[in-house]
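Residues per chain, in single letters:
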Amino acid sequence: MGELPELLAIDAAMAVVVAWFAVGLAGLAALHNFSLVARVLFPLSAALSLALAGTALSALPGAPQTAVLAIGLPDLPFHLRLDALSAFFLALLGLASAGISVFAGGYFRRGEGTPPGLLCLHYHLFLVGMAMVMLADDAYAFMVTWELMALASFFLVTTNHRIAEIRRAGFLYLLVAHVGAIAILLCFGVLQANTGDYTFANMRAQNLSPFWSSCAFLLALFGFGAKAGILPLHVWLPEAHPAAPSPVSALMSGVMLKTAIYGMVRVNFDLLGSPLWWWGVAALSVGLATALFGVVFAAAQVDMKRLLAYSSIENVGLIVVGLGLAMVFAAYRMNSLAALAMVASLYHCLNHALFKSLLFLGTGSVLHATQERNLGKLGGLMRYMPFVAWTSLVGVVASAGLPPSNGFVSEWLLLQGFLFTGGLPNPYLRMLVPIFAAGVVLVAALAGYVMVKFFGVIFLGRPREDKLAQAHDAGWLERLGLAWLTAGCVLLGLFPVAVIEVIDPITYAFLGRGLAQSGRAGDWLLLAPVSAERASYSPILFLLVTAAIVAAAFVLVRRFYHGRLRRAAPWDCGHPMQTARMQDTAEGFGQPIRQIFEPFYRMHRELPTPFDAAPRYRVTVEDPLWAWVYLRIAAATEAVSRWVGMLQRGRISIYLLYSFLTLVALLFLTQA
Amino acid sequence: MSAFTSQVINLFASVLLLIAFAMLAQRRIVTLINLFAIQGMALVGSTLTVAWATGQHHLYWSAGITFVLKVVALPWILHRLIRRLNVKWDIETLINIPTMMLVGIVLVVFAFNLALPISEFSQSIARGTLGIALACVLMSFLMMITRSKAVPQVIGFLAMENGLFFAATSATYGMPMVVELGIALDVLVGMVILGVFMFQIREQFDSLDIHHLEKLKED
Amino acid sequence: MNLEGFLAQLVAMVVALVGAPLVMGWVNQCRAWLQNRRAPPLTMPFRTLHKLFWKESVVAHDASPIFRVTPYVVFGCMLLASLIVPTLSTNMPMAPAADAIALVGLFGVARLFISLAAMDIGTSFGTLGARREMLVGFLAEPAFLMVLFTASLISSSTSLATTVSALAHREFTILPSLAFAGLAFTMVSLAENARVPVDNPATHLELTMIHEALILEYSGRHLALIEWAASLKLFAYSCAGLAIFFPWGIAEANDHVALLWALPVLAMKLAIGGFLLALIETILAKMRIFRVPEFLATAFLLGVLAILVHLLLGA
């Protein structure tokens, strides 16, 4: 058996990565051959994504596989490792990118900024970077691929680089990404504990003192938080996501944010070993603040992609809340509960990857059909783009966390985790954790508000502009991508037990516990994470009964009464004149939230007086953290630079004096 | 017996807490005074229960004093006062109400954890309620801080005394009689002084808004 | 899933379908009496439904399929909700399909669809109604969940059936946390069912209405289904409240005598609850729309407080 040259999953995964790279290069070769790039290369890449997802799923339950790749510096090869966690995130990457790549094939148009071939190269380098980050097994490989990912996505964000705003968004993104990367680098520096060996295997073996491990935790939270969009490092996200082309936004929001989550799980549960209890509380607090902030700002947005970007911040916050809860439980050795919270968190990663990609792609189709991103100028598109509308509706239900969608399952699991905190030994925690649960529930409910706004304003009502009547539905490649992601959302919602079985090896590896043996309760229909008496949920039964009632009601009403229907003008309480402009705008729909959460925002209102001849109402909502944190940092940097600038005298002899003084000081130091 | 009595005491304790929160959330002065009277009633109830369960006869006396003073006399004086001052309308709070209740919840968690080590040593049947008593004190304090009119501040002061009294009964079966009588007298006298004071404020500024007192400082 | 359970489930469904409009009629009757008016007959809601079903449905020209699907979806959700809540027995085959969180999710689905349908026609009142409905919903939903969580923590289960039998079977204890939860529940159910301090079910005054603004465009069988669904929602909420706070009289597994008793007991409890609801509606005045968030935030925080009190006092 041992003689047989088995094809290891890690080799297959590497093969996909190489193939992606080749596809990217092929794009570079066919720089301006649009139809080749769009109709052949992108669908090909989607097929590769599927292969990657299949490979990863098959490798998930198996033992970790390692490989060494002799590229890079002479004595510093890339160490690669495919374990359950990597496999899960690779599967996530594959599943989401399959839909996104197909869609991208139909999405990119001629003559938009970067030539199609170059775009193809950046896109695939981005995919390669993300896949390699998840495979990396030493700090060197991790950082190199992490930077590859950041750079490729920077070029993708600035595809339409002729627009100044987009250049600014790209710069901000690059800046925050690098600040984060420095923190991650320092974190690895702490983790290797002066051994000089930067492989993850060595980091796992180290036993750090609580002080140093806390340092590593905080650096990781900061570094990966910058990528994930955790408060207050989220500022790049609502700028970069709308600036990028929609498939790229989908990839960034759906998958790239998850690489940061991957990094957090890797460092906190794998490399650091057992967490301290206050790490969990820190992650819980930061995560909840992020989630609440994200959803409150999403409610106030008028640009559809910015709205989704803020909604991504919210979801990342929820994921981090789940990780924080898992850390709290793990710190007190309550490993089954830690596994429950971690499963909830990872499940939500997968869900968010699919439904947020779906929604971003939906906005892409809308954007192409109407040339409009402003919610105030959309409306009524359900009539003109039914396919996009219905698939988006699935994404909206999932994003609002409503049953029987996938979003509900992960929120359900998370809340179950919160309800079992009675056994925590720390009395403060025992009381604070239910308050966090209340916050999570509030966020979930607000997400519903945001999603009604998103869907209602874009797709329902009457078109707010005349040109919208010319909008056309998505093309077939785009439809294929949307359908794939929609199917993913539905299936993940309906078969949670199967998904949890897939996630189980991860929690087994880190916490020694899984949910499957108890979660199954002998019934694949019924999700019961602890026991059927404590809590159970069966989405299929749920859906079937609702569908049966709906069908029965439909048939019976027609059987006993009639099915007559008359079309007429809308009633609207008998108001004689109605125009499309009399519907709620996006600002109007978000107004109650703005009023309730007023202290959250920096708002500027321009109110008309009763005597204005041409009355004008304007409200702009800004992020207060930008002024409180970033502008202050910028001002401080400028002040420091001015001090440093005083060194510059413009006379050569003074510069020579500097060199001389430095030399003397160094000589003095060496002598001492 | 003791399980049931401690449940009853717990019930009174949570009514006390509920009223403390209701006071935080209440905008109207009249309702505020009524809430204060109900709080006094709950206090009487819990004191009577403790007295009955432990056979401490002096607690009957303190229950009686509480009833006369906090359920009958003080609310009556306050009602008369606001009629005379004509300040029945809504009161503005400095911080909006949900935020204030959120702070209140944080205070409850804090107070309970503060009281945890003390109540572990206590022998009283009502030791679990010490945290609630402390929370009531802190929340009344919060109410005094966040109200801008004089009358609610006085009510906050009185409610704070209620919390202290409850803490005393729950932790050590009440204070000695002399102390209790002294406090009762103090509260009554304090009330009268504050009443006179409020008339003076209004005469001076034509309003009971405490903001006007800021003008008294020397520039 | 045995035959007996199936039959019990079927009975529960019929009880919900018939009982819900009756509860609505009873509340209206009580309200009329309390306001010194002559009361409509108890079966008035049925007559209204029958009348509406016979009328033809008028639909706006540019209504999308969502508009026509929504009445059925909302009706389905509400009926399912009243099947999940243990009304007569805790031993129902549908009970494990959804727990307390899923129940709240179910109400959320109905809310999402009805709000979308209201926005579909593109009239100013429709969007206004949708916005207000979501405003009430996003605060009421967490508050309701907090109430359910309190009960879940006491019985250490989120399954409603387990919770109810745990609450009904314990020896008599006073649970102060349930007092808080009860208050929060009352506030939430008033808001969620469009009752007086938040919304007025009898009004058609544009500026004050919430629920009526949502369904302004519906007529005929669509309106009938939505009205029926609204009464089912009231029924489900009442039964959930009764099951948590007054769990006595709900039959256990394999207890046939109790199953017979359960119906009259439920009718009694609903009658008293309906009268109290009418009383509340008569005493209170409708509040301004911008006081509603404060009202609901108070309910939410009371729910949080209920959980805290449970943890503080261990009861």
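Every value quoted in this text rests on a predicted model; they were computed, and no experiment measured them.

**Student:** So what exactly am I meant to see when it comes to a nonpolar patch on the surface here?
**Tutor:** On the surface, a nonpolar cluster with roughly 550 Å² of combined accessible area is contributed by Val-640, Trp-643, Val-644, Met-646 and Leu-647 of chain A. Relative to the elements of secondary structure, Val-640 of chain A occurs in helix 22 (residues 624-645).

**Student:** Is there a simple way to explain the interface of chain A and chain B in this structure?
**Tutor:** How big an interface is tends to be stated in terms of accessible area lost as the parts join. Listed by partner, the interface residues are five residues for chain A and six residues for chain B. On the chain A side of the contact with chain B, Tyr-428, Met-431 and Ile-435 of chain A bury the most area, a combined 76% of that side's loss. Our count for the contact surface shared by chain A and chain B stands at zero salt bridges. Run the count over chain A and chain B and you get one residue pair in polar contact (both at pLDDT 80 or more).

**Student:** How should I be thinking about the packing of helix 8 (residues 210-228) of chain A against helix 11 (residues 277-300) of chain A in this particular structure?
**Tutor:** The geometry of a pair of packed helices is captured by two quantities: the angle between their axes and the separation between those axes. Residue and element names in this part refer to chain A. Here helix 8 crosses helix 11 at 15°, and the two axes come no closer than 11 Å. Considering the angle they form, helix 8 stands roughly parallel to helix 11. As for the relative orientation of helix 8 and helix 11, their crossing is right-handed in sense. For the pair formed by helix 8 and helix 11, the contact residues are Ser-213, Ser-214, Phe-217 and Leu-218 on the first element and Trp-278, Trp-279 and Ala-282 on the second. When its residues are assigned to classes, the contact of helix 8 with helix 11 shows five nonpolar, two polar and no charged.

**Student:** Explanation requested: helix 11 of chain A in the structure shown.
**Tutor:** Given 3.6 residues per helical turn, the α-helix brings residues three or four places apart onto the same face. In this model, helix 11 of chain A (24 residues) spans 35 Å end to end at C-alpha, consistent with the 34 Å of a helix rising 1.5 Å per residue. Of all 24 residues making up helix 11 of chain A, 17 are buried, and the element is well covered by its neighbours.

**Student:** What am I meant to see in the interface of chain A and chain C here?
**Tutor:** Contacts between the two partners involve 75 residues from chain A, matched on the other side by 77 residues from chain C. Taken over both partners, the interface formed by chain A and chain C buries close to 7,000 Å², and the fraction arising from carbon and sulfur atoms is 72%. Of all residues in chain A, Leu-419, Tyr-561 and Arg-567 of chain A bury the most surface against chain C, accounting for 10% of the area lost on that side. The interface formed by chain A and chain C holds three salt bridges in total. Of the charged contacts in the structure, one is a salt bridge between Arg-383 of chain A and Asp-120 of chain C, with a shortest N-O distance of 3.9 Å.

The rules behind these values
- Residues numbered from 1 in each chain as written.
- Chains lettered and ligands numbered in written order.
- Predicted model: local features only at pLDDT ≥ 70, side-chain atom pairs only at ≥ 80, totals over all residues.
- Heavy atoms only, no water.
- Patch = residues over 30% accessible without salt bridge, like charges linked within 9 Å, V, L, I, M, F, W, Y side chains within 5 Å.
- Areas by Shrake-Rupley, 256 points an atom, 1.4 Å probe, with all protein chains shown as cover.
- Salt bridge = Lys/Arg side-chain N within 4 Å of Asp/Glu carboxyl O.
- Helix = DSSP H or I, 4+ residues; strand = E, 2+ residues; numbered from the N terminus.
- Contact = heavy atoms within 4.5 Å.
- Buried area = accessible area lost by both parts, 1.4 Å probe.
- Polar contact = N/O pair within 3.5 Å; in protein donor to acceptor, adjacent residues only side chain to side chain.
- Axes fitted to C-alpha atoms, helices over the stretch in contact; angles between N-to-C directions.
- Parallel < 35°, antiparallel > 145°, perpendicular 65-115°, else oblique.
- Left-handed = near helix turned anticlockwise from the far one by under 90°.
- Nonpolar A, V, L, I, M, F, W, Y, C, P; charged D, E, K, R; others polar.
- Expected span 1.5 Å × (residues − 1).
- Buried < 20%, exposed > 50% of the residue type's maximum accessible area, 1.4 Å probe, protein only.

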